[in-house]
Amino acid sequence: MAAPMEKIMSKLGWIKTVEMHTGGEPLRIIQSGYPKIDGDTILAKRRFARDNLDHLRKLVMLEPRGHYDMYGAILVSPDLPGADIGVLFTHNDGYSTMCGHGTIALGRYAIDYGHVKATEPETEVNIQCPCGLVKAFVQVTGGRTGQTRFHSVPAFAFATDLDVDVVGHGKVTVDIGYGGAFYAFVSAERFGLDVRKSRTRDIVDAATAVSNAVKEQVKLRHPDDDDLAFLYGTIITDGNDEWSDEPTANICVFGLAQVDRSPTGSGVTARIALQYHKKLITLNQKRTFESGACGSRFTGSAVKDTKCGEFGAVVVEVCGHGYYTGEASFTREDNDQIKNGFLLK
């Protein structure tokens, strides 16, 4: 006789996931149970998922199956030559264009789950993200995957020393950088805060106010596609942008005031691009970036000059380690009043 859960799931179907984290930031990887996502390009797939399957994003990201700060990855067929896997990234408010902590975790996952054959001492995994092709390089020792570094899409400084009027704070000077997604950057000192010591709620409030101001007052653009031209979040930093062998800390607030527990891989990419643009670092000068939320660390360095349309750009290498936390199966029952998920603000 089938167990009660087996009876329920055989009738309703289920979504199966692999659970990971990188630097404390979760990654819920959809293994099976999602409908086919249509689209000739990965950005078209992103639009299709947003317009037609968003109820499923809410199902697996939000409570009672997820939580306010859950993050996810939906594997899709890539359309770029040479890509091993394609991915859409999900969060509490929609779909991002790049995710560094997710890329680091997916490098291990792609090998361990048979998408890419392992070679020692390092295996290359080519991941098509909505922002473009990202190359991950995964350490493999004795058949076991480990630390992962990735090379970003061209990252660039969009604007520096830009004044915006922020509600409750007056004029605030920000930098805007692109690292697969656009971020505004501002020092915590401007708000009388400390990214390592202040209450997370206070940092979230300051970052959200900056994001709202930038979205209202600054028109972003990306040379490749208009779908990439939106502000993903604001990163509050310790202000230590000039190169040092000491770690520099930051906290990223993105989506619907969602807090990244990790140092934020795409944020590190954009921050390195800004530092390189300002001549605060040179090529191959490695920095350590620390999460103000939990103390986890990534390293980052500019490794290659390039261009992105009219912008001078740089390829950035970010290194970290993803870890497995489990597997899960999710379902829903029709008579469950909150079956589609909810967001507790």
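Everything numeric here is computed off the predicted structure, so don't read it as measured data.

**Some thoughts on the pattern of salt bridges**
Throughout the structure, instances matching the rule amount to 19 salt bridges. By sharing partners, the salt bridges in this structure join Arg-196, Asp-238, Asp-241, Arg-271, Glu-290 and Arg-297 into a single network.

**Quick notes on the nonpolar core**
Note on soluble globular proteins: their nonpolar side chains tend to be buried together. By size, the foremost hydrophobic cluster in this structure holds 86 residues, and its most contacted members are Leu-106, Phe-158, Ile-176 and Val-214. The element that contributes the greatest number of residues to this core is helix H5 (residues 200-217), accounting for eight residues. Residue contacts for Ile-176: discarding those within four places in its chain leaves Ala-157, Phe-158, Ala-159, Leu-162, Phe-182, Tyr-183, Ala-184, Val-214, Val-218, Leu-220 and Leu-274. Residues Ile-30, Tyr-34, Leu-53 and Ile-74 belong to the second largest nonpolar core, which totals 17 residues.

**Overview of the environment of Asn-212**
Looking at the element boundaries, Asn-212 is found in helix H5. Put simply, Asn-212 and Leu-231 are 19 residues apart on the chain and 9.4 Å apart in space, counted from C-alpha to C-alpha.

**Side note on the environment of Asn-92**
Structurally, Asn-92 is set in the loop between strand S4 (85-91) and strand S5 (94-96). When its relative accessible area of 4% is taken as the criterion, Asn-92 is described as buried. Separated by 13 residues in the primary sequence, Asn-92 and Ala-105 place their C-alpha atoms 19 Å from one another. In this structure, Asn-92 is in contact with Arg-57, Leu-62, Tyr-68, Met-70, Gly-255, Leu-256, Gln-258 and Leu-343, ignoring residues within four places of it in sequence. A polar contact of 3.2 Å, which involves the side chain of Asn-92, links it to the backbone oxygen of Tyr-68.

Cut-offs applied
Residues numbered from 1 in each chain as written. Predicted model: local features only at pLDDT ≥ 70, side-chain atom pairs only at ≥ 80, totals over all residues. Heavy atoms only, no water. Salt bridge = Lys/Arg side-chain N within 4 Å of Asp/Glu carboxyl O. Core = buried A, V, L, I, M, F, W, Y, C linked by side-chain atoms within 4.5 Å. Buried < 20%, exposed > 50% of the residue type's maximum accessible area, 1.4 Å probe, protein only. Helix = DSSP H or I, 4+ residues; strand = E, 2+ residues; numbered from the N terminus. Contact = heavy atoms within 4.5 Å. Polar contact = N/O pair within 3.5 Å; in protein donor to acceptor, adjacent residues only side chain to side chain.

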